[in-house]
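Architecture at a glance
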Amino acid sequence: MDQARPQAQNGDFKKDLPSKTAVYEHVQKYAKPCSWTAAWWLIQTMALWGVLNAAAFFCPNYWMATIVAGLMSLVRLRLFILYHDMGHNSFFGTDKLNQRVGYFIGSFVLGHSFSYWVRGHNYHHKNANNLDKKLFAQTAPWSIEQYQKAPRWQRMLYTTVYGWPFLITACPLYFIFLQFVVCTWAELLGILCTWSFAIWMGPVYLYCRAVSTVVAASLGIIFFHVQHTFDNPYRRHNHNWDYFETAMKGSSFFMVPRWFRYWTCGIEYHHVHHINSRVPSYRLAICHDLGLNYFATVPRVLPSQVWRGLRYSLYDELRNAFVALMPLDLFP
């Protein structure tokens, strides 16, 4: 395993944190979904999706289809973030509308199990960075000790899913095909209809849908990875773990370039999202910007740091640092 440079231990994160009460009160002011704003965000996203689907159908060759597939990947990423909000009941103003639209988009647009997403992602919010919980819902979930104690076949599977460079290749494919296993029968019917329609529309259209699905999944994995896996991390055993601390010190502010923010819908303000998941994506930015004094100590991740961070696959508890797990480690 490729060792990261040593990190200083952080025994007491509370010393440089603002008042928990003050932060919660500030964030709570923005935890108010607006169905009209949500509808506008969804309408413009689905309009882009429709235009690009039409373009995919009429593409004369695979060169043009590749460009269309790239644009579809960005729209798909944006749509998934809105869908993610629906899983928290934070996008529309009513839970019923969030659930119904979420199921429809998951099954008939994204090919994704909404029920499994809600269960798994809510578990992640309740247990992120807790070393005594199964961290299957986040990247780099194992410690070095867990990896060394695991049977060889489990180490090989872990490396294939989370090790570099599999994290942005095999891992997205794993989660795409997982949807066919974890979904309900109704969701499975919708997902099969979605892909059957893509096949019926012809090989070029199918190519666009398949490529955009894989690329968007890879982008999503990258975003999800840098939100909790960075230098000087916060991971604690249950007796020392704190929900507020894991939001403020174990969740990052990803410094996304301004030109890319339309596609990310504010999910880069992940610390705000973990403080209160009821803050909709369209209010994350203003919540952060009007509370800069509260979020001064939140870890920042620059785009230039992403490439190095993608190599982090295991947590070294003794040094409070992530380390890289390389393909050669498949054969210790």
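Residues numbered from 1 in each chain as written. Predicted model: local features only at pLDDT ≥ 70, side-chain atom pairs only at ≥ 80, totals over all residues. Heavy atoms only, no water.

**As for the pattern of salt bridges**
Cut-off, in case you're wondering: Take a side-chain nitrogen of Lys or Arg and a carboxyl oxygen of Asp or Glu: if they are within 4 Å of each other, that pair is a salt bridge.
Considering all chains together, one arrives at 5 salt bridges under this definition. Between Arg319 and Asp316 there is a salt bridge, and its shortest N-O distance comes to 2.8 Å.

**Digging into the pairing of strand E4 (residues 321-324)**
Going by this rule: The buried label goes to any residue with under 20% of its type's maximum accessible area, the exposed label to any with over 50%, and the partly exposed label to all in between, with areas taken from a 1.4 Å probe on protein chains only. Numbered from the N terminus, helices here are DSSP runs of H or I no shorter than four residues, and strands are runs of E no shorter than two. Here, strands pair whenever DSSP counts at least two bridges between them.
Every second residue of E4 is oriented toward a common face, with Ala321 and Val323 on one face and Phe322 and Ala324 on the other, all of them buried. With 4 bridges joining them, strand E3 (residues 312-316) and E4 adopt antiparallel strand pairing. Among the inter-strand pairings, Tyr315 is bridged to a residue of E4, identified as Phe322. Hairpin connection, E3 to E4: the antiparallel pair is bridged by 4 residues, and Asn320 has positive phi, about 45°.

**Focus on the confidence of the model for the protein chain**
Filter applied, for reference: Scored from 0 to 100, pLDDT reflects the predictor's confidence in each residue. When checking whether two residues touch, look at their non-hydrogen atoms; a contact exists if any pair is within 4.5 Å.
Per-residue confidence for the protein chain gives a mean pLDDT of 89, with 93% of residues at or over 70. In this model residues 328-332 is a low-confidence stretch, pLDDT under 50, and it forms 9 contacts with partners more than four residues away in sequence or in other chains.

**What to know about the packing of helix H4 (residues 95-110) against helix H9 (residues 185-200)**
Quick reminder of the rule: Throughout, an axis means a line fitted to C-alpha atoms (over the contacting stretch in the case of helices), and angles, computed between N-to-C directions, take values from 0 to 180 degrees.
At their nearest, the axes of H4 and H9 sit 7 Å apart, and the two run at 40° to each other. For the pair formed by H4 and H9, the contact residues are Tyr103, Ser107, Phe108 and Val109 on the first element and Glu187, Gly190, Ile191, Cys193 and Thr194 on the second.

**Brief notes about unusual backbone geometry**
Among all residues except glycine, the phi angle is most often negative; among peptide bonds, the trans geometry is most common. Positive phi outside glycine occurs at Ala140, with the angle close to 50°. Relative to the assigned elements, Ala140 resides in the loop between helix H5 (114-127) and helix H6 (144-149). With relative accessibility at 1%, the residue Ala140 sits in the buried group. We note that Asn232 has phi near 55°; this positive angle belongs to a residue other than glycine. Structurally, Asn232 can be placed in the loop between helix H10 (203-228) and helix H11 (243-248).

**As for the nonpolar core**
It is characteristic of soluble globular proteins that their nonpolar side chains tend to be buried jointly. For clarity, the threshold we go by: Put simply, a nonpolar core is a bunch of buried Ala, Val, Leu, Ile, Met, Phe, Trp, Tyr and Cys residues held in one set by side-chain atoms that sit within 4.5 Å of each other.
Ranked by internal contacts, the top residues of the largest apolar core, which has 63 residues, are Leu42, Met86, Phe91 and Ile105. Those elements giving two or more residues to this core turn out to be helix H2 (35-58), helix H3 (62-87), H4, H5, H6, helix H7 (152-162), H9 and H10. Considering each element in turn, this core owes the most residues, 12 residues, to H3. Excluding its chain neighbours within four sequence positions, the residues that come into contact with Phe91 are Pro33, Cys34, Ala38, Trp41, Leu42, Leu82, Asp85, Met86, Asn98 and Tyr282. In this structure, Ala31, Phe244, Val272 and Phe295 belong to the second largest nonpolar core, which totals 17 residues.

**A short note on the layout of surface pockets**
Applicable threshold: Residues are called lining when one of their atoms sits within 4 Å of a cavity or pocket point, these points coming from a 1 Å grid over the protein atoms alone, where a cavity is a set in which a 1.4 Å probe fits but cannot get out and a pocket is an open set with protein on both sides within 12 Å along at least five of seven lines. Grid points are joined across faces, edges and corners, and a volume is the space filled by probe spheres set on the points. Only Asp, Glu, Lys and Arg are considered charged, only Ala, Val, Leu, Ile, Met, Phe, Trp, Tyr, Cys and Pro nonpolar, and every remaining residue, Gly among them, polar.
Size it by volume and the largest pocket reaches roughly 1300 Å³. Listing elements by their share of the lining of the largest pocket, those giving two or more residues are H3, H5, H7, helix H8 (170-182) and H10. The biggest single contributor to the lining of the largest pocket is H10, with 9 residues. Class assignment of the residues belonging to the lining of the largest pocket gives a composition of 31 nonpolar, 15 polar and 3 charged. Taken together, Leu219, Ile222, Phe223, Phe254, Val256, Pro257, Trp259, Phe260, Pro303, Val306, Trp307 and Leu310 make up the full set of residues lining the second largest pocket. Listed by contribution, the elements that provide at least two residues to the lining of the second largest pocket are H10 and helix H15 (306-309).

**A word on a nonpolar patch on the surface**
The test is simple: Two distance rules govern patches: like charges are joined within 9 Å, and nonpolar side chains (Val, Leu, Ile, Met, Phe, Trp, Tyr) within 5 Å, applied only to residues with over 30% relative accessible area and no salt bridge. Throughout, the Shrake-Rupley method with a 1.4 Å probe supplies accessible areas, and for residues the shown protein chains are the sole cover considered.
The grouping of Leu173, Phe177, Phe180, Val181 and Leu192 at the surface amounts to a nonpolar patch, some 470 Å² of accessible area in total. Looking at which element gives the most residues to the nonpolar patch, the answer is H8, with 4 residues. With respect to the element layout, Leu173 can be found in helix H8. Residue classification places Leu173 among the partly exposed residues on the basis of a relative accessible area of 37%.

**Some thoughts on the packing of aromatic side chains**
To keep things clear, this is the line we draw: Two aromatic rings, drawn from Phe, Tyr or Trp (for Trp, its six-membered ring), form a pair once their centres lie within 6.5 Å of each other, and the interplanar angle then sorts them: stacked below 30 degrees, edge-to-face above 60, tilted otherwise. Throughout this description, the term charge over a ring refers to an Arg CZ or Lys NZ atom that lies within 6 Å of the ring centre and within 35 degrees of the ring normal.
Enumeration over the complete set of coordinates arrives at 25 aromatic pairs. Ring centres of Phe91 and Tyr282 lie 5.9 Å apart, and the angle between their planes is 65°; this geometry places the pair in the edge-to-face category. You can see Phe91 sitting in the loop between H3 and H4 and its partner Tyr282 sitting in helix H14 (residues 281-289), a full 191 residues away along the chain. Look at Phe91 and you get buried, because its relative accessible area is 0%. The exposure class of Tyr282 is buried, given its relative accessible area of 14%. With a centroid separation of 6.1 Å and an interplanar angle of 85°, the aromatic rings of Phe197 and Tyr205 are classed as edge-to-face. An aromatic cluster is present here, built from Phe80, Tyr83, Tyr103, Phe114 and Trp117 joined pairwise through their rings. In this arrangement the basic side chain of Arg78 is found over the ring face of Trp41, its NZ or CZ atom lying 4.9 Å from the centre. For the cation-ring pair, Arg78 lies above Tyr262, with the distance from its terminal atom to the ring centre recorded as 3.9 Å.

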